[in-house]
Amino acid sequence: MVPALVLVVMFVGYPFASIVYHAFTRWDGIAPAQWVGFHNFEVLWHDPLFRRSLRNNAIFALSVPIQVVLPLLVAYVIHRRVPGWRFFRSTIFLPAVYATVVIGIITATVLQLNGPLNQALGSVGLGWLKHEWLGSASTSLPVILVVLVWTNFGYNVLLYLAGMSAIDPTLEEAARIDGASWLRILFSVITPNLRRVLEIVLVVNTITAFAFMFAYIYTITNGGPGTDTYVSEFYIYQQAFTNQNMGYAAAIGVTLVLIVLVIGIFQIRILTRERE
Amino acid sequence: MTTVETVTPVPQRRRRLRMRHPWPFVGGLALLCIAGVLPLLFMAATAFRTQADWDESRIGLPTTFSFAAFARAWNDANIGTYFRNSAIVTSSTVALTVVCATLAGYGFSKLRWRLRGATYLFVLAWIAIPPLLLMVPIYVEMVQLGLLDTYGAVIFLYTALNLPFNVYLMTAFFRSVPDELIESARVDGAGIHRIFFRILVPLSKPALATLVIFNILWAWNEFLFALLMLQSDSVKTLTVGVLQLQGRFTTDYPALMAGLLITSLPVIVAYLVFQRHLVRGIVAGAVK
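Because the structure is a prediction, the values reported are computed rather than measured. (Residues numbered from 1 in each chain as written. Chains lettered and ligands numbered in written order. Predicted model: local features only at pLDDT ≥ 70, side-chain atom pairs only at ≥ 80, totals over all residues.)

(A) Highlighting the overall build of chain B. Within chain B, the secondary structure is distributed over 14 helices and zero strands. Here the C-alpha atoms of chain B give a radius of gyration of 25 Å, more than 25% beyond the 19 Å that 2.2 N^0.38 yields for 288 residues. Out of the 288 residues in chain B, the part that is buried amounts to 42%. Across chain B, every contact between residues at least 6 apart in sequence was considered, and the portion connecting residues at least 24 apart equals 77%. (Helix = DSSP H or I, 4+ residues; strand = E, 2+ residues; numbered from the N terminus. Rg over C-alpha atoms; globule rule 2.2 N^0.38 Å. Buried ≥ 20, exposed ≤ 12 C-beta atoms within 10 Å, placed from the backbone. Contact = placed C-beta atoms within 7 Å.)

Structure follows, in structure tokens:
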């Protein structure tokens, strides 16, 4: 009891209080912080780099609708016990087992100008498709989006599977006897009973797109070219540890926590209302 | 005789509904799974190449087969040290988490005390806060505590950041243990410690396995805080250490991939061993 509380207060609760306080200060992390009121947030409001970072986060949030729909289909196919379902169930999660850093470095390696992907394209006669994939945001952002979807796909499948296994199988059988197709069963019988899991899938994937992108960006593009692929966390990291603007970085952190919470609450509200 | 047989309830295994034409779906699933195994194949195909072979061709099977890249990574690029550091950090995190989360789960489920509900909510609330956003104050706090650049920094941090979820799992598990069991032990004169160690801990092996696999994956693969906290080579973990293979040997891709393979294999093995429990943990988080 006590050790858990001490650890949580020391390394989660206290930093949280500290970040909220320091968001209103000018601070380099060493000298005492100076109270500046809402100054940081005013600067942030007009900061083009913060806007670009947020816009990139929003682009990665396009993964959310994909992650809501596709893993649902895949989970249902596994749920219906197609041949080899056990094997598929355990292999589908594999991408989430690799460290994000490993995935990032492999992606960056494969997509180099003279890397394996371009070489493979050349050798099958698709040389005209060769591209400097990470050379501009117009290709690197979609690439990172694909990697993001691929990594978390299996986790969402397992979440859906967990939800499906809790649904009374007689419901499915009844629908089947009435002559419903598998798609019909999935959307009319299964999905309405998955509200809690849908909530989790929505919220978890949104939080990922806004607050767990650092390792991908750091290893795949390092924010580049220029600042084109910055995301908010990467920007916090830059401001805090390259520019020593700890106060400003804290303000970005607080803003991001608020954004994530608001989106999360909003999504849950919508789902709750649809039900009624 | 015959009537008795018809009355005896036949233990019926409920058969799940099956697809009428499963093979197109199996094909699709197989493609997804190939995509999941591809990075592993690429790492292996590249790590067993020689540098000359890589310069020649970057795709397909290696035409040469050598362990030299592993030796370069392990010895020259310090991967051996990083591996040891990752093992120390991960095992300590798992041990500390198991101790803290089971004790707290016991306190929140089976003991009665004032403010229990409020304290439980206080601990759970942090699940909603993405820890990466707290990097600034956590870094400063570690400097002040003198923990920067030590194993302690990441061990305490990893444990604390994941405790809200782990405490939730253990509390949910202990709550499913019937109170009568504890009541009868108390009548027999067992104290709260005896009840905890003699009854609850032995019962909670499956829940503990879930905790262990979750925390192995989390601590072994964590990157941002390791990057911030661990600065000298003697304490760096693999996720941070492998990056140096990228910088220092600009073109030694076989060694880089050998390093990544060494980073990945332990967690893949852990996943294969514990996957049943991981799924159970996800079920507990999603359904309850």
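On we go.
(B) Highlighting the overall build of chain A. For chain A, the helix and strand inventory stands at 14 helices and two strands. C-alpha extents for chain A along the principal axes are approximately 70 × 55 × 35 Å. For chain A, the residues scored as buried account for 46% of the 276 residues in total. Residue pairs in contact within chain A that sit at least 24 positions apart in sequence constitute 71% of those at least 6 positions apart.

(C) Up close: helix H11 (residues 195–211) of chain A. Counted at 1.5 Å a residue, the expected span for H11 of chain A with its 17 residues is 24 Å, and the 24 Å between its end C-alpha atoms agrees. Those residues of H11 of chain A not exposed but buried are Val197, Leu198, Ile200, Val201, Leu202, Asn205, Thr206, Thr208, Ala209, Phe210 and Ala211 of chain A. (Expected span 1.5 Å × (residues − 1).)

(D) Seen up close, the domain arrangement of chain B. All names here are of chain B. Taken domain by domain, chain B consists of domain 1 (21–66) and domain 2 (78–287). A straight line from the C-alpha centre of domain 1 to that of domain 2 covers 32 Å. In this complex, domain 1 contributes eight residues to the contact, which on the side of domain 2 involves eight residues. Secondary-structure elements contributing two or more residues to the side of domain 1 that touches domain 2 are helix H2 (23–47) and helix H3 (51–56). The element best represented in the side of domain 1 that touches domain 2 is H2, accounting for four residues. (Domains from an automatic or database assignment.)

(E) Quick peek at the interface of chain B and chain A. Chain B puts 67 residues into the contact, and the matching count from chain A is 73 residues. At the level of elements, H2, helix H5 (79–109), helix H7 (135–145), helix H8 (151–175), helix H11 (205–221), helix H13 (238–248) and helix H14 (253–287) of chain B are the ones that each hand at least two residues to the side of chain B that touches chain A. Tallying contributions element by element places H14 of chain B first for the side of chain B that touches chain A, with 14 residues. Each residue belonging to the side of chain B that touches chain A can be placed in one class, and the counts come to 53 nonpolar, nine polar and five charged. (Nonpolar A, V, L, I, M, F, W, Y, C, P; charged D, E, K, R; others polar.)

(F) Highlighting the confidence of the model for chain B. Residue and element names in this part refer to chain B. In the predicted model, chain B carries a mean pLDDT of 84, and 91% of its residues have values of at least 70. Highest mean pLDDT in chain B belongs to H5 (93); lowest belongs to helix H1 (residues 2–7) (40). Contacts for the low-pLDDT stretch residues 1–13, under 50 throughout, to residues beyond four places or in other chains number zero contacts. Overall fold confidence for the complex sits at a pTM of 0.87, while the interface term, ipTM, reaches 0.86. (pLDDT = per-residue confidence, 0-100.)

(G) The arrangement of the confidence of the model for chain A in detail. Here chain A shows a mean pLDDT of 87. Residues at 70 or above account for 98%. Taken element by element, the predicted model of chain A shows its lowest mean pLDDT in helix H1 (residues 2–22) of chain A (82) and its highest in helix H3 (residues 48–60) of chain A (94).

(H) View of the nonpolar core. Residues and elements named next belong to chain B. Ranked by size, the top nonpolar core spans 169 residues in total, and within it Met135, Val136, Val154 and Leu157 carry the most contacts. Looking at this core element by element, the count peaks at 16 residues for H8. Viewed by domain, this core spans two of them, domain 1 (21–66) and domain 2 (78–287), each represented by three or more residues. Filtering out sequence-adjacent residues up to four positions away, Val154 remains in contact with Val89, Phe225, Ala226, Met229 and Leu230. (Core = buried A, V, L, I, M, F, W, Y, C linked by C-beta atoms within 7 Å.)

(I) Spatial organisation of unusual backbone geometry. Residues and elements named next belong to chain B. A positive phi angle, close to 70 degrees, is found at Asn78, a residue other than glycine. The backbone of Leu115 sits at a positive phi, close to 65 degrees, despite the residue not being glycine. Note that Leu115 resides in the loop between H5 and helix H6 (116–125). Among the residues examined, Leu115 registers 8 C-beta atoms within 10 Å and is labelled exposed.

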